[in-house]
Amino acid sequence: MNKDSLFNKIRSLFSYDGRLDIGVIILFLVINALVLTNSILHHPKIGYDVTGNINYIQILLHRWPGPKDSNEFFSPPLPYFLPSVYDAICNKLVPGTPDNLYGIPVIWACRTYDGKFAQALNFFLSLGLTLLLLMISEQIKPGNRFFKMSVLMFLALLTVYYKTFSQVRAEPYVAFFATLSIYFLIRILKSISFNIKYTVFLGISLGLLVLSRQWGFFFFPAILLFLAFVFLQNRPAAMNYARMIAVSFVISALVGGWFYIHLYLDYGSFTAFNMEPQGFSLANLPSGFFRTSGLKDFQIFRNPVRPFFDNGLFPIFYSDTWGDYWGFFTYHKQILGFEDNSATVAPYLGQVNLFSVIPSILLLLGAGFGLLQLFRRSAFLAPESLALVLITLIAFASFAGFMWFVISYFSADPSVLKATYIIQLFIASLFPAASFLELVRLKSRFGYWAIMGALAIVFVHNVPAMITNFKMF
């Protein structure tokens, strides 16, 4: 593909009726400008498990990190590889006496530089991800500018997206390769016969997904459920999809499976982790885990930060999605080097939760709309409808897998309940929600623009929650 052809393809994603689509362009730029702002401002040593992540970066090119080296020893290496190469260069160029990091000589100043490099990579991952969202939108609703705007609008509102991409973590890679895998899956759905190109691309993408983080495995049961759904409706189509997906699964195992063999050989388990599971049992959870709403005294709209809500699933997950429940992005209290801002930020985050009721309801309606496609027998032959079913199943399987993880480990450490850990759920949820808004638009253009206007107001109100208060400078 020559440069002109690539440029024209990208330009077409931002065009409508032969002209540039200003609405899509603005949303794309705003989202990535916020990611860039955070990658520049956010302190690289503030984040979930940040010490373990940076240790992994500095040790990887010397040996496989073990439990004594990093609490992230069980994590796949892909997100750490390029920062590790950068660290090796940094250690040669930055003057100073090397320190000892578990037997590895390192320049301590490089830890900060490594973190900033990882954050810069996150920005480019975001650029690629948002381009992929437009490519997927074009596959689902060809030539529909409104669908693209709806998808980008919902992403723009997700504080958890900016928080995730501000940190030195693996989840930005999960989000990117999850989105890339969805794109190739849809291309396969549109293939009448065996398409070797997209079969291979899907296999590589799924392999890189599980080489980014274990969350990627939640894709596989969703794909199998989707094949079962199609098989019940149209066996020839199901068999065609199954052949391509089976080959993709084999390729993904070759690309990403070797790391899990390493975990098994070294630690006796394909699912080695830094905590012992308590077993999948609801008895492990605190009383009221599923019942607590945070609505008592409107606490969820007043102080949605730890340690409130008595370990309730909904208020913690909701507050961490739209705000900063665990305090690694905008809210800090008694943290070394950062002034306590709880008096002003906690009440504001409560207002963010209140305003975010609107997009939350729309995302839930979208999930319901996507689920209903499973029961619309007249729709399953259309590739666009099949794509929506598949993406909805990915969202539900991801949430189910996350709940298995939370229930298995929550009693060992409540901080496992973080929205960042399931970023792929939010990416998948964009498309059913946009499809629901498209249904509204077809019935009432005024209704559609009224909703988009309300979402724009929510965005303007919530913007301060999307920009880090843990500034490096």
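A short tour of the structure in this document, coming up.

Definitions and cut-offs
Residues numbered from 1 in each chain as written. Predicted model: local features only at pLDDT ≥ 70, side-chain atom pairs only at ≥ 80, totals over all residues. Heavy atoms only, no water. 1 Å grid on protein atoms, 1.4 Å probe; cavity = no way out; pocket = protein on both sides within 12 Å on 5 of 7 lines; lining within 4 Å. Points joined across faces, edges and corners; volume = space filled by probe spheres on them. Helix = DSSP H or I, 4+ residues; strand = E, 2+ residues; numbered from the N terminus. Nonpolar A, V, L, I, M, F, W, Y, C, P; charged D, E, K, R; others polar. Core = buried A, V, L, I, M, F, W, Y, C linked by side-chain atoms within 4.5 Å. Buried < 20%, exposed > 50% of the residue type's maximum accessible area, 1.4 Å probe, protein only. Contact = heavy atoms within 4.5 Å. Salt bridge = Lys/Arg side-chain N within 4 Å of Asp/Glu carboxyl O. Phe/Tyr/Trp six-rings, centres within 6.5 Å; stacked < 30°, edge-to-face > 60°. Polar contact = N/O pair within 3.5 Å; in protein donor to acceptor, adjacent residues only side chain to side chain.

**With respect to empty space enclosed by the protein**
- With the rule as written, the count across this model stands at one cavity of 30 Å³ or more.
- In this structure, the largest cavity spans a volume of roughly 60 Å³.
- Lining the largest cavity we find Ile57, Pro79, Tyr80, Pro83, Ala118, Asn122, Val168, Arg169 and Tyr173.
- Mapped onto the lining of the largest cavity, the elements with two or more residues apiece are helix H4 (78-93) and helix H5 (110-140).
- Of the residues forming the lining of the largest cavity, the biggest block, three residues, is contributed by H4.
- The class makeup of the residues in the lining of the largest cavity is seven nonpolar, one polar and one charged.

**Here we look at the layout of surface pockets**
- As a volume, the largest pocket reaches approximately 690 Å³.
- Lining of the largest pocket is provided by 24 residues; of these, Phe317, Ser360, Leu363, Leu364 and Leu425 occupy positions nearest its centre.
- If you list the elements that add at least two residues to the lining of the largest pocket, you get helix H12 (313-322), helix H14 (357-372), helix H15 (383-409) and helix H16 (423-443).
- Its residues placed into classes, the lining of the largest pocket shows 20 nonpolar, four polar and no charged.

**A closer look at the nonpolar core**
- Within the largest apolar cluster, 141 residues are counted, with the highest numbers of intra-cluster contacts made by Tyr161 and Tyr162.
- Counting residues per element, this core draws most heavily on H15, at 16 residues.
- If we skip the residues at most four places from it in the chain, Tyr161 touches Ile31, Val35, Ser126, Leu129, Thr130, Leu155, Ile423 and Ile427.

**Concerning the pattern of salt bridges**
- This model, assessed by the stated rule, comprises ten salt bridges.
- The partner of Asp21 in a salt bridge is Arg145, with the nearest N and O atoms 2.7 Å apart. Separated by 124 residues along the polypeptide, Asp21 in the loop between strand S2 (19-20) and helix H2 (22-41) and Arg145 in helix H6 (residues 145-157) bring together distant segments of the chain. This pair shows no difference in class: Asp21 is buried, exactly as Arg145 is.
- Asp69 is the partner of Arg63 in a salt bridge, and the nearest nitrogen-oxygen pair spans 2.7 Å.
- Judged by its relative accessible area of 32%, Arg63 is partly exposed.
- Each of the salt bridges in this network shares a partner with another, and the network as a whole consists of Asp49, Glu72, Arg169, Glu171 and Arg213.

**So, the packing of aromatic side chains**
- Under the counting rule described, the total for this entry stands at 46 aromatic pairs.
- Plain terms: the ring middles of Tyr86 and Phe117 are 4.4 Å apart, the flat faces sit at 5° to each other, and that makes the pair stacked. Pair noted here: Tyr86 is in helix H4 and Phe117 is in helix H5, with a separation of 31 residues, a long-range link.
- A relative accessible area of 30% means that Tyr86 is categorised as partly exposed.
- With centroids separated by 6.3 Å and ring planes inclined at 65°, the aromatic side chains of Trp215 and Phe402 adopt a geometry described as edge-to-face. Linking Trp215 in the loop between helix H9 (196-210) and helix H10 (219-233) with Phe402 in helix H15, this pair joins segments that are 187 residues apart in sequence.

**What to know about unusual backbone geometry**
- Following Arg306, the chain continues into Pro307 via a peptide bond in cis, with omega recorded as 10°.
- Phi at Asp49 takes a positive value of approximately 55°, unusual for a residue other than glycine.
- Within the secondary structure layout, Asp49 lies in the loop between H2 and helix H3 (50-59).
- Taking the relative accessible area as the measure of exposure, Asp49 reaches 29% and is therefore partly exposed.
- Phi at Tyr102 is positive, roughly 50°, even though this residue is not glycine.
- If you trace the backbone, Tyr102 turns up in the loop between strand S3 (99-101) and strand S4 (104-106).

**Examining the side chain of Gln424**
- Counting through the fold element by element, Gln424 comes out in helix H16.
- Looking at Gln424, the relative accessible area reads 2%, which means it is buried.
- Of note is the side chain of Gln424, whose polar atom sits 3.2 Å from the backbone oxygen of Trp215.

**Observations regarding the environment of Phe194**
- Structurally, Phe194 is set in the loop between helix H8 (171-189) and H9.
- Phe194 gets classed as partly exposed once you look at its relative accessible area, which sits at 38%.
- If near-sequence neighbours (up to four positions away) are discounted, Phe194 is found in contact with Thr199, Asn240, Arg243, Met244 and Val247.

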